[in-house]
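# An overview of the molecular structure
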Amino acid sequence: EATHWQAGDCVLVAIEPGDEAGCERYVAWLARLAALPRDCSLAPWSRAPGGTARLWAIAVARLLAPDHVRVAARHDLIGIRLAQIALAFGADTLAGPVAADRKLPVAGVTRPTEATLGGLRNLIIQASLEPSP
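What comes next is a walk through the structure. Within each chain, residues carry numbers counting from 1 in the order of the written sequence. Per-residue local features of the predicted model are confined to residues with pLDDT of at least 70, and side-chain atom pairs are confined, for both listing and counting, to 80 or more; whole-chain, interface and lining totals are unaffected and use all residues. The side-chain values count all of the structure's non-hydrogen atoms but skip hydrogen atoms and water molecules.

### Regarding the sheet that holds strand β4 (residues 93-95)
In this description, strands pair whenever DSSP reports at least two bridges between them. Think of it this way: any DSSP run of H or I at least four residues long counts as a helix, any run of E at least two long counts as a strand, and we number them from the N terminus. Taking strand neighbours across the sheet as the criterion, the four strands line up as β1-β2-β3-β4 in an open arrangement whose pairing is parallel. The strands lining the two open edges of the sheet, one partner per strand, are β1 (10-14) and β4. The sheet shows a mean angle of 35 degrees between the axes of neighbouring strands, direction not considered. Note on definitions: angles span 0 to 180 degrees between N-to-C directions of axes, and those axes are lines fitted to C-alpha atoms, for helices only across the stretch in contact.

Next comes the structure, spelled out in structure tokens:
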């Protein structure tokens, strides 16, 4: 329940698209989050394959959650490309584990992947947004 949240908490919420009653409970739960402390975030996701349910859960969270609650798109839970698209569906944050930069073995040149800090910043820029410093 929202009364147990503290500043800095990030709550992962699994939404299953075939569970109509569960989706209705999710919407009702989001409507009750007005009392949440600042600096909290919510990361909706789904185990179901495909992106529609995941994007729906993020869009509904942004529409119903208070403005001071951040909605995160976790690239490790919904996929990195879908997380990038979720930024246009209301996600405030592209979140998830950040991988270390890899180097080419011979030249020692950085070889970024999408889950590195540089790669994630690039995905945010490609979504026509500005990454935080």
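Having put the structure on the table, let's press on.
### So, the pattern of salt bridges
Side-chain pairing between opposite charges can occur once the charged atoms of the two side chains come close. When a carboxyl oxygen of Asp or Glu lies within 4 Å of a side-chain nitrogen of Lys or Arg, that pair is called a salt bridge. Applying the stated criterion across every chain yields a total of four salt bridges. We note a salt bridge from arginine 47 to glutamate 16, for which the minimum N-O separation is 3.4 Å. Separated by 31 residues along the polypeptide, arginine 47 in the loop between β2 (40-45) and α2 (52-64) and glutamate 16 in the loop between β1 and α1 (20-31) bring together distant segments of the chain. Its salt-bridge partner being arginine 74, residue aspartate 76 comes within 2.7 Å of it at the nearest N-O pair.

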